[in-house]
Amino acid sequence: MLTVHHLGKSQSERIVWLCEELGIPYELKRYTRDPVTMLAPAEYKALHPIGAAPVITDGELVLAESGAVVDYIVAKYGNGRLVLGPTDPAFAQFLYWLQFANGTLQPGMGRMMILSRLDLAKDNPTLLAMKGRLDRAYDLLDARLREAEYLAGSAFTTADIMTVFSLTTMRYFQPYDLQRCPNVVEYLGRISARAGYRRAMQKGDPGMALLLN
């Protein structure tokens, strides 16, 4: 049995969502963050040497890293769903946005989260440079979503599943004003209408307000 070890308010929400979109059988084990430190509990850290979410187990396999877990599940259980192949005209866009999620957007949010805790002056050059990079990432997303329903184009794919966490739940840790990105807000409206997304969020983080605008 595929087991998704879900840490509340974490990137492992992507994996719960993926399983719901695919409609595959899986066991969900939920873990709660420490209320003071907001870090994972010891039992979650013990699942994998890196000690971070997400983690899945599948028989004897223990696997971490969002991208690896997503690729593993769609390859083993997806039957070609939620991915695009090299003959698809949107293949390159699919690959770009799939990698953009954890290659550009999530690191940008993470850097800003760390810098915001250092009580730096508002005109600090490093702070301004990192904010500029993050703004450019959001601007690029907004421009893409002005012309496309989903990140790869007309098809919903794992590129969307990888990206939405950074646009929503990650903002609990690093706020970002989405008013400057109206196309992103409209996109999140389309995402929130998906039954698989609603099921995943209710199962994984029941009662959590979804930061969709």
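Before reading on, note that the structure itself is shown above.
As the structure is a computational prediction, the values presented were derived from the model and not from experiment.

The rules behind each value
- By convention here, each chain's residues receive numbers from 1 onward along its written sequence.
- Local features are withheld for residues below a pLDDT of 70 in this predicted model, meaning they are given only at 70 or higher, and side-chain atom pairs are given and counted only at 80 or more; totals for whole chains, interfaces and linings count all residues.
- Excluding hydrogens and water, the side-chain figures rest on all heavy atoms present in the structure.
- We call a set of buried residues a nonpolar core when its members are Ala, Val, Leu, Ile, Met, Phe, Trp, Tyr or Cys and they connect through side-chain atoms within 4.5 Å of each other.
- For every residue, the accessible area (1.4 Å probe, protein chains only) is compared with the maximum for its type, and the residue is labelled buried under 20%, exposed over 50%, or partly exposed between those bounds.
- Going along the chain from the N terminus, every DSSP run of H or I of four or more residues is numbered as a helix, and every run of E of two or more is numbered as a strand.
- For two strands to be treated as a pair, DSSP must find at least two bridges joining them.
- Note on geometry: axes are C-alpha line fits, over the in-contact stretch for helices, and angles between N-to-C directions span 0 to 180 degrees.
- Here, two residues are considered to be in contact whenever any of their heavy atoms come within 4.5 Å of each other.

It is not clear to me how the nonpolar core should be interpreted in this structure. Could you clarify?
Within soluble globular proteins, side chains that are nonpolar generally end up buried alongside one another. By size, the foremost hydrophobic cluster in this structure holds 59 residues, and its most contacted members are Ile73, Tyr138 and Tyr187. Counting only elements with at least two residues in this core, the list comes to β1 (2–7), α1 (13–22), α3 (66–77), α4 (91–116), α5 (125–147), α6 (158–167), α7 (182–192) and α8 (195–204).

Sorry if this is basic, but what is going on with the sheet that holds strand β2 (residues 27–31) here?
Two strands in a sheet stick together by hydrogen bonds in their backbones, pointing the same way (parallel) or opposite ways (antiparallel). Strand order in the open sheet formed by four strands is β2-β1-β3-β4, and the pairing between neighbours is mixed. The sheet is open, and its two edges are formed by β2 and β4 (61–64), each paired on a single side. On average, adjacent strands in this sheet sit at an angle of 20° to one another, irrespective of strand direction. For strand β3 (residues 55–58) and β4, the ladder comprises four bridges, and the chain directions are antiparallel. Residue pairing in the sheet places Val55 in a bridge with Ala64 of β4. Docked against the sheet, α1 engages β1, β2 and β3, running at close to 140° with respect to β1. Packed onto the sheet, α3 meets β1, β3 and β4 and runs at close to 130° relative to β4.

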